[in-house]
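Here's the letter readout for the chains.
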Amino acid sequence: MAEGRTAAPHIVWFKRDLRRHDHAPLWHASQQSAPIIPLYIVEPNYWKQPFASRRHWRFIHDCLTDLNQGLLQLGQPLVVRVGEASNVIQELHNQCGVAKLWAHEETADLWTFERDKAVWKTCANLGIQVQEFPTNGVVRGLKSRDNWSVIRNQRVSATVFPKPNKLIPATNVEGVTLPSKNKPMFGAQLPGTTQKGGRHRAVEDLQSFLEERSSNYLRHISAPGASEFSCSRLSAHLAFGALSTREVVQALDRRRKQLSPIDKSKFERNLSAFGSRLAWRCHFIQKLEDQPSIETNCMHPAFEGLREKEHREDYFEAWKTGKTGIPFVDACMRNLISTGWITFRMRAMLVSFASYQLWLDWRKTAPYLAGLFTDYEPGIHYSQFQMQSGVTGINAIRVYNPIKQGLDQDPNGIFVRKWVPELRHIMGEAIHQPWLQEQTLFRATSDQNEAIYPAPIVDLTLSAKAAKDKLAAVRKSDAFFMNKNAVYIRHGSRKRTAKSKSQKPAPDQLNLF
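Some details on the overall build of the protein chain
And then number 1: A count of helices and strands for the protein chain gives 20 helices and seven strands.
And then number 2: For the protein chain, the C-alpha radius of gyration of 24 Å lies close to 24 Å, the compact-globule estimate for 513 residues.
And then number 3: Across the 513 residues of the protein chain, 55% fall into the buried class.
And then number 4: Put simply, of all contacts in the protein chain between residues at least 6 apart along the chain, 79% involve residues at least 24 apart.

Structure follows, in structure tokens:
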């Protein structure tokens, strides 16, 4: 390089990896003796997609604010640009002659998949080198599922990348002010709250879970209400990358090794279960990596066309708003709308009820819940929606009984009375089947206004039987058997039980912790 000439800058493109620690692209770029442009692109077209919501942006905004503060300490603030990603890269190259782009591989929606391909094409046309790094346990170009778990375990056990000591600032490269949480670009205003994001909060949540909250993890994991404290609440931090999977796995291992004999009785079984769910998390995301089309197409093609023509918008609207007449279902949906989080078992029940009892098309229900979940993780989301809808061809059909779930998880009706105040005058377990009471018990008075809770929109027994019969007919068809083995080879878990040697059932995960 000629004396006095500044090296061409390198871009580190942040997407779902909003941290400085254990960030391979940032670390390697910082070792290149070149100016660094840490870049985040706000893409207006992304926020027009049906799965995107203001709730996600609220959480991302926290993460970006925290990330910018951390990058400032390294000598170069985060550069925020608004626009189509390819155009932003082109503009930066025109301005300062970008030499290289560093990024993590991203396993997300088809929209981002196509976006990335367009960016790589732009970089190739401009002569910009591209270097991508794996995102922990997800393997791009995986040849066989047989070897996946070995690769995944090696990756999460590898040394964590430290945060860089400093970054060489890129001169004369400025971004825009980070758009506010309330900008209309990010979708309709949502009621209620959003979990706090950012690296500092992620570390606090990880530490409090491992050291204290996990003592009741398995006891409360399925119960709405209690699970809000006893579950890790790390799913959103992992989904948007304030923490890496590797960091969490290794922090978990350290904690387990430090347990005293007394602590082992409280924590060992709970932490072991949590570690298993971390592995399942990677397993489900790998499915989307291997087959991006599962966002829009059934894993097993024999199930295509099964629900589409019978999808009922009136049922869909009742389910979306928590007005189905099934108290526990409605309580869970209203809780989710308000908080952006509910425990995994209740997520699975909501999907099961929509897919079986209401016979709704999962391709319509999935984007709706994606927008409600603060911790929307595409790989888990679509894999689990298909699994809970019975269209994978390799998983058992599980039709949840919402009455049984309510009696098991909320026997005294405390949760239901909180979220379905129309029924707060019904005491005990009777609240889960108010239609068995006198009709007057459907009425409640509040502030002089009378609210009426609806009767069930479907008969649970008849609708469940009809769904099982329809799915059973598909599973007996020649088209089903022709493709079943191919689906298993591509997506099936290789874990087997010691007794039966059969495929171990995957957990109801629907982002999970």
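Past the structure itself, the notes keep going.
Remarks on the packing of helix 11 (residues 261-290) against helix 16 (residues 378-389)
Helix-helix packing: each pair is described by the crossing angle between the helix axes and the interaxial distance.
And then number 1: Two elements in contact, helix 11 and helix 16, have axes separated by 7 Å at closest approach and are oriented at 85°. Compared by their axis directions, helix 11 and helix 16 come out roughly perpendicular. Listed contacts from helix 16 to Arg281, Phe284, Ile285, Lys287 and Leu288 of helix 11 are Pro378, Gly379, Ile380, Ser383, Gln384 and Met387.
And then number 2: Taken together, the residues of the contact of helix 11 with helix 16 break down into six nonpolar, three polar and two charged.

Observations regarding the layout of surface pockets
Taking a probe equal in size to a water molecule and rolling it over the atoms shows the remaining empty space.
And then number 1: Counted as a void, the largest pocket has a volume near 280 Å³.
And then number 2: Forming the walls of the largest pocket are 15 residues, and the residues nearest its centre are Leu206, Gln207, Glu247, Ala251 and Arg254.
And then number 3: Listed by contribution, the elements that provide at least two residues to the lining of the largest pocket are helix 6 (199-211) and helix 10 (245-258).
And then number 4: For the lining of the largest pocket, the element with the most residues is helix 10, which contributes seven residues.
And then number 5: Residues of the lining of the largest pocket, tallied by class, amount to seven nonpolar, three polar and five charged.

Quick look at the pairing of strand 5 (residues 129-133)
Within a regular strand, the side chains alternate between the two sheet faces.
And then number 1: One ladder, built from five bridges, connects strand 4 (residues 100-104) with strand 5; its direction is parallel. Considered in strand 5, the bridge of Lys100 is made with Gln129.
And then number 2: Crossover strand 4 to strand 5 through helix 4 (residues 110-126) is right-handed.

Some thoughts on the nonpolar core
And then number 1: Ranked by size, the top nonpolar core spans 105 residues in total, and within it Phe14, Tyr40, Trp319 and Leu369 carry the most contacts.
And then number 2: The dominant element in this core, judged by the number of residues it contributes, is helix 14 (residues 344-357), at nine residues.
And then number 3: Leu369 has contacts with Trp319, Met333, Leu336, Val351, His381 and Phe385, leaving out every residue within four places of it along the chain.
And then number 4: Judged by nonpolar contacts, the second largest core, of 19 residues, contains Leu92, Leu101, Trp120 and Cys123.

Let's talk about the packing of helix 12 (residues 313-321) against helix 13 (residues 327-339)
And then number 1: Axis separation between helix 12 and helix 13 bottoms out at 7 Å; the angle between their running directions is 65°. Here helix 12 contributes Trp319, Lys320 and Thr321 to the contact with helix 13, which in turn contributes Met333, Arg334 and Ile337.
And then number 2: Its residues placed into classes, the contact of helix 12 with helix 13 shows three nonpolar, one polar and two charged.

Section: empty space enclosed by the protein
And then number 1: All chains considered together, the criterion is met by five cavities of 30 Å³ or more.
And then number 2: By volume, the largest cavity is sized at about 310 Å³.
And then number 3: The residue inventory of the lining of the largest cavity, partitioned by class, reads six nonpolar, eight polar and nine charged.
And then number 4: If you go around the second largest cavity, you meet 18 residues; those closest to its centre are Lys15, Tyr40, Glu43, Tyr46 and Glu106.
And then number 5: Only strand 1 (10-14), strand 2 (36-42), helix 2 (54-73) and helix 4 provide two or more residues apiece to the lining of the second largest cavity.
And then number 6: Tallying contributions element by element places strand 2 first for the lining of the second largest cavity, with three residues.
And then number 7: Of the residues contributing to the lining of the second largest cavity, the split by class is 10 nonpolar, two polar and six charged.

Quick word on the packing of aromatic side chains
And then number 1: All chains considered together, the criterion is met by 21 aromatic pairs.
And then number 2: Geometrically, the ring pair formed by Trp47 and Phe186 is edge-to-face, given 5.1 Å between the ring centres and 85° between the ring planes. Taken together, the residues span a long stretch of sequence, with Trp47 in the loop between strand 2 and helix 2 and Phe186 in the loop between helix 5 (148-157) and helix 6 at a distance of 139 residues. The pair formed by Trp47 and Phe186 is uniform in burial state, with each residue classed as buried.
And then number 3: Between Tyr376 and Tyr382 the ring centres are 6.4 Å apart and the planes differ by 85°, which places this aromatic pair in the edge-to-face class.
And then number 4: For Tyr382, a relative accessible area of 2% translates into the label buried.
And then number 5: Here a set of aromatic residues connected by ring pairs shows up, and it is made of Tyr46, Trp47, Phe51, Trp57, Trp111, Phe186, Tyr376 and Tyr382.

The rules we used
Residues numbered from 1 in each chain as written. Predicted model: local features only at pLDDT ≥ 70, side-chain atom pairs only at ≥ 80, totals over all residues. Heavy atoms only, no water. Helix = DSSP H or I, 4+ residues; strand = E, 2+ residues; numbered from the N terminus. Rg over C-alpha atoms; globule rule 2.2 N^0.38 Å. Buried < 20%, exposed > 50% of the residue type's maximum accessible area, 1.4 Å probe, protein only. Contact = heavy atoms within 4.5 Å. Axes fitted to C-alpha atoms, helices over the stretch in contact; angles between N-to-C directions. Parallel < 35°, antiparallel > 145°, perpendicular 65-115°, else oblique. Nonpolar A, V, L, I, M, F, W, Y, C, P; charged D, E, K, R; others polar. 1 Å grid on protein atoms, 1.4 Å probe; cavity = no way out; pocket = protein on both sides within 12 Å on 5 of 7 lines; lining within 4 Å. Points joined across faces, edges and corners; volume = space filled by probe spheres on them. Pairing = 2+ DSSP bridges. Right-handed = clockwise from strand over helix to strand, strands pointing away. Core = buried A, V, L, I, M, F, W, Y, C linked by side-chain atoms within 4.5 Å. Phe/Tyr/Trp six-rings, centres within 6.5 Å; stacked < 30°, edge-to-face > 60°.

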